[in-house]
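Fold and contact review
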Amino acid sequence: MQNYYLKNAKRIRREVAMAIPYYRQMVAEAYGIDVAESITRETMHRFEDLLPETPYIGGDENHLTENLYTTVPLLAFYQTLKGRGKTVAEIARLIYHGSSALFASFPVNIMLRLKGRRFFSHRVQAKLQDRAVASQEHHFPGDWVYSYVQGNDGDFAFGVDYTECGILKYLRSQGAEELAS
């Protein structure tokens, strides 16, 4: 079987390329444009090395796969900056501000309206329940494990109780658990 991440590398690279300018900008503001360009290049090289080694958790059949592979460039960014003597706090600040700027660029009102309606539909909730049950079977060691929490007829629609986190497992395997704290 071909590596899922290599098979989808073109699409994943496009997603990363869309996000990189926001992080580059934060680095440029903190350390200057030349440093930002150098860090961006090194981050992208590290990303290319890390991507094929990302744990397979079901590919397109798992709605959390995107969460895992979008962590890879952030890990590469972290490793690059840490290798240049930056502290976890400095790196986390850059990631936070870069992510904030990236998400602020999305048309939030439209996205929330469309996704919100769909997210609270009975069909999506039933699918989430099925996925939660399947996650308990531990098909993929690097995957999330969670259970569905039934809501009530009042102010609580439903919930998800995560007992294992795929991102934390991945960062731990890469010696970067502190990035998740």
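Report on the accompanying structure. All values derive from a computational prediction rather than experimental measurement. (Residues numbered from 1 in each chain as written. Predicted model: local features only at pLDDT ≥ 70, side-chain atom pairs only at ≥ 80, totals over all residues. Heavy atoms only, no water.)

For the rest of this paragraph, the subject is helix α5 (residues 71–83). Here α5 contains 13 residues, and its C-alpha end-to-end distance of 18 Å stays within 8% of the 18 Å for a straight helix at 1.5 Å per residue. For α5, the buried fraction is high: 10 of the 13 residues fall into the buried class. Among all positions in α5, only Thr-71, Val-72, Pro-73, Leu-75, Ala-76, Phe-77, Tyr-78, Gln-79, Thr-80 and Leu-81 are buried. Check the buried side of α5 and you find it contacts α2 (9–31), α3 (33–50), α4 (65–69), α6 (88–104) and α9 (166–173). Directly beyond the C-terminal end of α5, a positive phi value near 85° is found at Gly-85. (Helix = DSSP H or I, 4+ residues; strand = E, 2+ residues; numbered from the N terminus. Expected span 1.5 Å × (residues − 1). Buried < 20%, exposed > 50% of the residue type's maximum accessible area, 1.4 Å probe, protein only. Contact = heavy atoms within 4.5 Å.)

The next subject is unusual backbone geometry. The backbone phi angle of His-138 is positive, close to 55°, even though this residue is not glycine. Turning to its location among the elements, His-138 is positioned in the loop between α8 (122–135) and β1 (145–150).

This part covers the environment of Gln-174. For Gln-174, the location among the structural elements is in the segment after α9. By relative accessible area, Gln-174 is classed as partly exposed at 29%. Each C-alpha atom, one on Gln-174 and one on Thr-40, is 20 Å from the other, the two residues being 134 residues apart in sequence. If we ignore the near neighbours within four places in the chain, the residues touching Gln-174 are Leu-50, Leu-75 and Gln-79.

We now examine α3. Here α3 spans 25 Å end to end across 18 residues, near enough to the 26 Å set by a 1.5 Å rise per residue. Every buried residue of α3 is listed here: Ala-36, Ile-39, Thr-40, Thr-43, Phe-47 and Leu-50. One side of α3 holds all its buried residues, which, seen down the axis, span an arc of 105°. Opposite the buried face of α3, by more than 90 degrees, sit the exposed residues Asp-34, Arg-41, His-45 and Asp-49. Where the residues of α3 are buried, they touch α2, α5 and α9. (Arc of directions from axis to C-beta.)

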